[in-house]
Amino acid sequence: MPEIFRNYIAGQWVECQSKKTVPNINPADTDEIVGYFQASGPEDTQAACDAAAKAQPAWAALPAPRRGEYLFKAAEILESHLAKLGEDMTREEGKTLPEGKAEVKRAINIFRYFGGEGARQFSYQIPSERENVFCYTMRKPLGVVALITPWNFPSAIPAWKMAPALVGGNTVVIKPASLAPLSAYRLVEALHEAGIPAGAINYITGGGGAVGNTLVDHPAIRAVSFTGSCEVGGALYDRVTKRRIRVQLEMGGKNPTIVLKDSDLNYAADVLVNGAFFSTGQKCTACSRAIIERAIYEPLMKILVEKTRKMKVGNGLEPGIDMGPAVDQGQLETDLNYIEIAKKDGAKLLCGGHRLTGGIYDKGYFVEPTIFTDVTPEMRIAQEEVFGPVLAVMVANDFDDAMRLANSARFGLSASIVTRDLTRVYQFTNQIQAGLITVNLPTAGVEYQLPFGGTKESSFGMREQGPLALDFYTETRTVYLKYTQ
Ligand code: NAP
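Since the model is a prediction, treat every value here as computed from it, not as a measurement.

### Digging into the overall build of the chain
No. 1: Looking only at helices and strands, the chain has 15 helices and 23 strands in total.
No. 2: The C-alpha radius of gyration of the chain comes to 23 Å, within 12% of the 23 Å expected for a compact globule of 485 residues.
No. 3: The buried share among the 485 residues of the chain stands at 56%.
No. 4: For the chain, contacts bridging at least 24 residues in sequence account for 74% of all contacts bridging at least 6.
No. 5: Just so you have it, the chain exposes about 19600 Å², and 52% of that area is on carbon and sulfur atoms.
No. 6: Side-chain charges of the chain comprise 51 positive and 54 negative groups, with the mean position of each set lying 5 Å from the other.

### Regarding the packing of helix α3 (residues 82-93) against helix α6 (residues 182-193)
No. 1: Between α3 and α6, the least distance of the axes is 9 Å, while the angle of their chain directions is 150 degrees. Judged by the inter-axis angle, α3 sits roughly antiparallel to α6. Together, K84, L85, D88, M89 and E92 of α3 and L182, S183 and R186 of α6 make up the contact between the two elements.
No. 2: Here the contact of α3 with α6 is built from residues that sort into three nonpolar, one polar and four charged.

### With respect to the sheet that holds strand β7 (residues 133-141)
No. 1: Taken in spatial order, the three strands line up as β6-β7-β23 in an open sheet, and their pairing is antiparallel. Lying at the two open borders of the sheet, with one neighbouring strand each, are β6 (125-127) and β23 (474-482). Averaged over all pairs of adjacent strands, the angle between strand axes in this sheet comes to 25 degrees, irrespective of strand direction.

### Some details on a nonpolar patch on the surface
No. 1: A surface patch of nonpolar side chains, amounting to about 290 Å² of accessible area, comprises F134, L481 and Y483.
No. 2: With respect to the helices, strands and loops of the structure, F134 is situated in strand β7.

### Notes on the sheet that holds strand β15 (residues 348-351)
Hydrogen bonds between backbone atoms are what pair the strands of a sheet, whose relative direction is either parallel or antiparallel.
No. 1: Across the sheet, seven strands lie side by side as β15-β16-β17-β14-β13-β19-β20; this open sheet has mixed pairing. In this open sheet, the two strands that pair with only one neighbour each are β15 and β20 (436-439). Between one strand axis and the next, the sheet turns through 25 degrees on average, direction left out of account.
No. 2: The strands touched by helix α10 (residues 294-309) within the sheet are β13 (255-259), β14 (287-293), β15, β16 (370-373) and β17 (390-396), with β14 carrying the most contacts at an inclination of about 140 degrees.

### Focus on the pairing of β13
Within a regular beta strand, the side chains point alternately toward one face of the sheet and then the other, so they alternate between its two faces.
No. 1: With five of five residues buried, β13 lies mostly within the body of the structure.
No. 2: Of the two faces of β13, both are covered, the one formed by N255, T257 and V259 as well as the one formed by P256 and I258.
No. 3: Sheet analysis places β13 next to β14, joined by five bridges and oriented parallel. Paired with N255 across the bridge in β14 is C287.
No. 4: The β-α-β motif built from β13, the intervening helix α9 (residues 265-277) and the parallel element β14 has right-handed crossover chirality.
No. 5: In terms of strand pairing, β13 meets strand β19 (residues 414-418) through three bridges, oriented parallel. Among the inter-strand pairings, V259 is bridged to a residue of β19, identified as V418.

### Remarks on empty space enclosed by the protein
No. 1: In this structure the tally under the stated criterion is three cavities of 30 Å³ or more.
No. 2: Taken as a whole, the largest cavity holds about 90 Å³ of empty space.
No. 3: What lines the largest cavity is a set of 15 residues, and nearest its centre among them are G281, A286, S288, E385 and F387.
No. 4: Looking at the lining of the largest cavity residue by residue, the class counts come to seven nonpolar, five polar and three charged.
No. 5: Taken as a whole, the second largest cavity encloses approximately 70 Å³ of empty space.
No. 6: What lines the second largest cavity is a set of 14 residues, among which P256, R289, F411, G412 and Q433 lie closest to the centre.
No. 7: If you list the elements that add at least two residues to the lining of the second largest cavity, you get β13, β18 (411-412) and β19.
No. 8: Residues that form the lining of the second largest cavity fall into these classes: seven nonpolar, five polar and two charged.

### Description of the site of the ligand
No. 1: Of all residues adjacent to the ligand, which total 28 residues, the nearest are T149, S178, S229, M251 and E385.
No. 2: Separating an oxygen atom of the ligand from a backbone N or O atom of T149 is a distance of 2.8 Å.
No. 3: Between an oxygen atom of the ligand and a side-chain N or O atom of W151, the distance comes to 2.9 Å.
No. 4: Against a free-state accessible area of 900 Å², the protein chains account for coverage of 84% of the ligand.

### A closer look at the pairing of β16
No. 1: Alternating positions in β16 separate into two faces, T370 and F372 on one and I371 and T373 on the other, with burial throughout.
No. 2: One ladder, built from three bridges, connects β15 with β16; its direction is antiparallel. Looking across to β16, one finds that C351 is bridged to I371.
No. 3: Taken together, the three bridges between β16 and β17 define a ladder with parallel strand orientation. Counted as the bridge partner of T370 is V390 from β17.

Conventions adopted
Residues numbered from 1 in each chain as written. Predicted model: local features only at pLDDT ≥ 70, side-chain atom pairs only at ≥ 80, totals over all residues. Heavy atoms only, no water. Helix = DSSP H or I, 4+ residues; strand = E, 2+ residues; numbered from the N terminus. Rg over C-alpha atoms; globule rule 2.2 N^0.38 Å. Buried < 20%, exposed > 50% of the residue type's maximum accessible area, 1.4 Å probe, protein only. Contact = heavy atoms within 4.5 Å. Areas by Shrake-Rupley, 256 points an atom, 1.4 Å probe, with all protein chains shown as cover. Lys, Arg positive; Asp, Glu negative; His and termini not counted. Charge placed at Lys NZ, Arg CZ, Asp CG, Glu CD. Axes fitted to C-alpha atoms, helices over the stretch in contact; angles between N-to-C directions. Parallel < 35°, antiparallel > 145°, perpendicular 65-115°, else oblique. Nonpolar A, V, L, I, M, F, W, Y, C, P; charged D, E, K, R; others polar. Pairing = 2+ DSSP bridges. Patch = residues over 30% accessible without salt bridge, like charges linked within 9 Å, V, L, I, M, F, W, Y side chains within 5 Å. Salt bridge = Lys/Arg side-chain N within 4 Å of Asp/Glu carboxyl O. Right-handed = clockwise from strand over helix to strand, strands pointing away. 1 Å grid on protein atoms, 1.4 Å probe; cavity = no way out; pocket = protein on both sides within 12 Å on 5 of 7 lines; lining within 4 Å. Points joined across faces, edges and corners; volume = space filled by probe spheres on them. Near = heavy atom within 4 Å. Polar contact = N/O pair within 3.5 Å; in protein donor to acceptor, adjacent residues only side chain to side chain.

Structure follows, in structure tokens:
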């Protein structure tokens, strides 16, 4: 019998008021129920927010380095179970086991990084123009913060929101995605085992529609950090800004990789395969547009298709698998639907394009890694986020044409270029409309210690991760202190 996982409110593992649960299903083997999670509603959400509000003054009064110690301890606990937690993630989300383990390791690194921030919450000391006046700034927590997270990085994203929030002196209510709530549960469990004071972190599961409004409308909530789709993010923005509280939104992408004619084609193809198909293309930073200079278009396509056809698709728990399933039936249908749209719009299917069936494939939501060519910028496949393993390839006449194509989408999350030409590298990094820019690397694969976030319709608000993350979770107070009368 699969385990029943509870909410975590005021330091207690509790059932939701309705006593109803929802199953968490393995997308690679739909016979497997990973666990049952609480189908929380408004009253559970209210209780979680109340608990966070009650705990907040004492948590904020704890010296920041001591708040950081709970993150260090939780990181140790997580590390001791790393292999198991990686498997949990593969079971609930479908990514391959090496990807699952790497993500858990990343969450551990995030806890350690922000544990250290407890002793490093720098602010300014600025000279006064008056005599005997000493001026400085202080960071203060906001209060209670609401964190709403998606299914595709079910450990790293909760970690990169809750760690800076906690070390900044805020208490937290986190609502993970219904499709993959176990990985965030494991983070909360580790904090609980680390002895974090009751109410500092609160975890509730339940449909976004059932808990979302109560969560962001609760008067104790002073900030909302959201990662997910543009649709939900946009609606949250409208709602939350009416209350004039802080909001941070990380949303979709349509990330381009430009390949210039001086590139090593084999290397460029590896960059494209990694960016477009690893994690089944279910990364906000995945490459979904390849923009290739005409002179190398034919030979590069040949290598790219060969490499793509060699990819092993299957259950990510098995060794040697390159790509797991779509996360659920809905995402599978979205992938297949966009494949049909691309064909109708006139794009040419170069490889893939089908659901995989037969044997183990019948038990999960497997789709082939897919490449379309002859894509033009006005096609929907060039403009809309699929969030699956579907790469749209466009041909560019030269560098300027490539930049025009790359900047033609409404999103601006990540972008990359493959070239050995330093002048082009400089021009690219200077002109590309993206928040995350890589050179001779895939569009995905960012590190925890650097700021993360996009531009245009991909993101709103302050950066996450790295040294800038605390800016969102703290506010600045300015002190003018005259030390003689
Ligand atoms: P989603 O459907 O927008 O859901 C994100 C979160 O919002 C989930 O926890 C969801 O709960 C919740 N939610 C849904 N309706 C809500 C409401 N009315 N009020 C409050 N919360 C609500 O996104 P997703 O399908 O999980 O994730 C995929 C999307 O995330 C893609 O667009 C991807 O690009 C984006 N993403 C962006 C980044 C980034 O950093 N830019 C990173 C990762 C993913 P339920 O699960 O219960 O519906």
